[in-house]
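Structure assessment
The lines below spell out each chain.
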Amino acid sequence: MSAEKILACPIISINARVWRFWSFFLKHDYMRYISIIPVTAMTVLMFTDLYRAWGNIGEVIINGYFAVLYFNAVLRVLIIVRYHEEYESFLEKISDIYEEINSMPDERIKEMVQLFTKRARMMSISNLALGAFISACFVVYPLFTGERRLPYGMHIPGVNKFESPLYEILYVMQAVLTFPGCCMYIPFTSFFASTSLFGLIQIKSLQHRLENFRQHGSGKSNKEQRSQLEAIISDHQRVIAYVGELNGLVTYICLVEFLSFGMMLCALLFLLVIIDHYAQLVIVVSYIFMIISQIFAFYWHANEVREESMAIGEAAYSGAWIDMNQASKKKLLLVILRSQVPLEISVGNVYPMTLEMFQSLLNASYSYFTLLKRVYG
C-alpha cells in the first residue's frame, strides 16, 4: 500500500490527508483514540439527555438533531476504520487510474481532468469551511442565550452539569470535541463527491474517445481499429467495476442518511413554527441548510454518474461505426447495450440515488411536517 501515492493524487488528497491526520486509515496511532472515544462517549450522553428531556418538544428536537448528527459522524468513522483496507485499496486504484488518464496525449481529456479535479478540491475545501463555520455556531450560540446552556445536550445521571466548575469543564470539552466531530463527519461527504467526480472523469473520457472514432476510425487498419476498440471496452468494464466498488463502500451509510434526513428535516421545520426568538430562528435555519446541503451533495453526484453512464451508448453510436468491419461493430454494439443499464449508487442496495429520489424525500419530509403541525394545533 503506497500512502504517498494516495496523498499525492490531487482529486482525493484533501480528504485522505484529513483521515490520515486523525489516523482513521493509512496509519494507526493514538490520534484515532483521542477523537473516536471521547466523541462516542459524548454521543451516548446526548442520547441519554433525549430520554431526560422527553416531553419538551423543542428541546428534544434540537438535542435529537445533534445526537443523530454525531451518531452519523461516529458511524462513518467506525466503518472507515473497520474496512480501512478496502478504502485504502480503492483510493490507491483511483491514484493509478488518475495518473493513467491524465497522461493521455489528448488535450481535451487533460482539460477535463483538470476541471473536475479543481471542482473536487474546491468542494472538499468549501465543505470543511462550511463545517467549521456551522460548528463554531454550535459552540458560541449558548453564550448569547442569557442562561447557562451547553452547546449539545448531555445528561450525566446524578450530576448537576450546570454547577461550577463542572459547567465550564463540560463546555470547554464540547467545544474541543466539536473539531474532531466535524472532521469525522464532513470528509466522508467530500469523499463521496470526489470519488463520484472521478467516476465522471472516466465516463466522459470514454465518451470522448468513442466520439473521436468518427474522426480517425475510417483511416485506420483493422488491427489498429480492433486494438483501440478493445482498449475502450476494457476501460468501460473498469468504470463499471469502479462504480460497483464505490457503491459497496457507501451504500449503507447512504441508507442511514436517508432514514435520519427525513426525520430531522421534518422536526427542524416544525421547530421553526414553535420558536419565538430570532437567534433561535437563525441557528435552526443554519441547521436545515447544513443537512440539506450535505444530503444534496450525495444525490446530485450519484445522479450525474447515472445519467452520464447512459450517455456512453449515444457517444458510441455517434462514432464511425458504419466504416468498421462486422467484428468491431458487434463489439461496439455490446458497449451500447451495456450502457442501457445505468451505473447506479444506491441507498442500502435498494433504491438508486437520483434527483427524483431526493425530491421525493423532501416531499415526504414536508408532508410529515404538515401532519405534525396539524396534530400540534
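Under an unreviewed UniProt entry, the name given to the chain is Odorant receptor, and the source organism is Aedes albopictus.

Turning next to the pattern of salt bridges. Tallied over the entire structure, the rule returns 14 salt bridges. A salt bridge links Arg76 to Glu257; the shortest N-O distance between them is 2.4 Å. In this pair, Arg76 is assigned in helix 4 (residues 57–82) and Glu257 in helix 8 (residues 222–274), connecting sequence segments 181 residues apart. Here the two residues Arg76 and Glu257 agree in accessibility, since each one is buried. We note a salt bridge from Arg148 to Glu168, for which the minimum N-O separation is 3.3 Å. Taken together, the residues span a long stretch of sequence, with Arg148 in the loop between helix 6 (107–140) and helix 7 (166–216) and Glu168 in helix 7 at a distance of 20 residues.

According to the stated counting rule, one finds 29 aromatic pairs in the structure shown. Note on Tyr70 and Tyr152: the rings are 5.1 Å apart at their centroids and 65° apart in plane angle, and the pair reads as edge-to-face. One end of the pair, Tyr70, is in helix 4; the other, Tyr152, is in the loop between helix 6 and helix 7, and 82 residues separate them in sequence. Side by side, Tyr70 and Tyr152 carry an identical accessibility label, which is buried. An aromatic cluster is built from Trp19, Phe25, Tyr87, Phe90, Tyr98, Phe188, Phe191, Phe198 and Tyr242, whose rings are joined through pairwise contacts. One cation-aromatic arrangement involves Arg76 over Tyr185; the distance from NZ or CZ to the ring centre is 4.0 Å.

End to end, helix 11 (residues 326–339) covers 20 Å across 14 residues, agreeing with the expected 20 Å (1.5 Å per residue, within 8%). The set of residues buried in helix 11 consists of Ser328, Leu332, Val335, Ile336 and Ser339. Looking down the long axis of helix 11, one finds its buried residues gathered within 95° of arc, a one-sided arrangement. Opposite the packed face of helix 11, turned more than 90 degrees from it, sit the exposed residues Gln326, Lys330, Leu334 and Leu337.

To continue, consider the packing of helix 2 (residues 13–21) against helix 6. At a minimum axis distance of 8 Å, the contact between helix 2 and helix 6 shows a crossing angle of 45°. Classified by the angle their axes make, helix 2 and helix 6 are oblique. Residues Ser13, Ile14, Asn15 and Val18 of helix 2 pack against Arg121, Ser124, Ile125 and Leu128 of helix 6. Partitioning the contact of helix 2 with helix 6 into residue classes produces four nonpolar, three polar and one charged.

Turning our eyes to something else, we now look at the packing of helix 6 against helix 9 (residues 278–310). Viewed as axis vectors pointing N to C, helix 6 and helix 9 meet at an angle of 155°, and their least axial separation amounts to 11 Å. As judged from the angle between their axes, helix 6 and helix 9 are roughly antiparallel. Relative to helix 9, helix 6 is oriented so that their crossing is left-handed. Taking contact as the criterion, the partners of Arg119, Met123, Asn127, Leu130, Ile134, Cys137 and Phe138 in helix 6 are, on helix 9, Ile283, Ser286, Tyr287, Phe289, Met290, Ser293, Gln294, Trp300 and His301. Taken together, the residues of the contact of helix 6 with helix 9 sort by class into ten nonpolar, five polar and one charged.

Secondary-structure assignment places Leu269 in helix 8. Residues Leu269 and Lys330 lie 61 residues apart in sequence; the distance between their C-alpha atoms is 55 Å. If we ignore the near neighbours within four places in the chain, the residues touching Leu269 are Ile288, Tyr366 and Phe369.

A word on unusual backbone geometry. Of note, the amide linkage connecting Ser164 to Pro165 takes the cis form, showing an omega dihedral of 0°. Of note, Pro165 is situated in the loop between helix 6 and helix 7. The phi dihedral of Leu26 is positive, around 70°, even though this residue is not glycine. Note on placement: Leu26 falls in the loop between helix 2 and helix 3 (30–52). A positive phi angle, near 60°, is found at Asn349, a position not held by glycine. Turning to its location among the elements, Asn349 is positioned in the loop between strand 1 (346–347) and strand 2 (351–352).

Another aspect to go through is the side chain of Gln207. On the secondary structure map, Gln207 appears in helix 7. Since its relative accessible area comes to 9%, Gln207 is described here as buried. Apart from the residues within four sequence positions on either side, Gln207 is in contact with Glu308, Ala311, Ile312 and Ala315.

A contiguous nonpolar patch, built from Tyr278, Leu281, Val282 and Val285 and spanning about 390 Å² of accessible area, is present on the exposed surface. Locating Val282 in the fold gives a position in helix 9.

Mapped onto the secondary structure, Arg32 falls in helix 3. Despite its burial, Arg32 remains without a salt bridge, the nearest opposite charge being carried by Glu88 at 6.7 Å. Polar side-chain contacts of Arg32 include one of 3.3 Å to the backbone oxygen of Lys27.

What counts, and where the lines are drawn
- Residues numbered from 1 in each chain as written.
- Predicted model: local features only at pLDDT ≥ 70, side-chain atom pairs only at ≥ 80, totals over all residues.
- Heavy atoms only, no water.
- Salt bridge = Lys/Arg side-chain N within 4 Å of Asp/Glu carboxyl O.
- Helix = DSSP H or I, 4+ residues; strand = E, 2+ residues; numbered from the N terminus.
- Buried < 20%, exposed > 50% of the residue type's maximum accessible area, 1.4 Å probe, protein only.
- Phe/Tyr/Trp six-rings, centres within 6.5 Å; stacked < 30°, edge-to-face > 60°.
- Lys NZ or Arg CZ within 6 Å of the ring centre and 35° of its normal.
- Expected span 1.5 Å × (residues − 1).
- Arc of directions from axis to C-beta.
- Axes fitted to C-alpha atoms, helices over the stretch in contact; angles between N-to-C directions.
- Parallel < 35°, antiparallel > 145°, perpendicular 65-115°, else oblique.
- Contact = heavy atoms within 4.5 Å.
- Nonpolar A, V, L, I, M, F, W, Y, C, P; charged D, E, K, R; others polar.
- Left-handed = near helix turned anticlockwise from the far one by under 90°.
- Patch = residues over 30% accessible without salt bridge, like charges linked within 9 Å, V, L, I, M, F, W, Y side chains within 5 Å.
- Areas by Shrake-Rupley, 256 points an atom, 1.4 Å probe, with all protein chains shown as cover.
- Lys, Arg positive; Asp, Glu negative; His and termini not counted.
- Polar contact = N/O pair within 3.5 Å; in protein donor to acceptor, adjacent residues only side chain to side chain.

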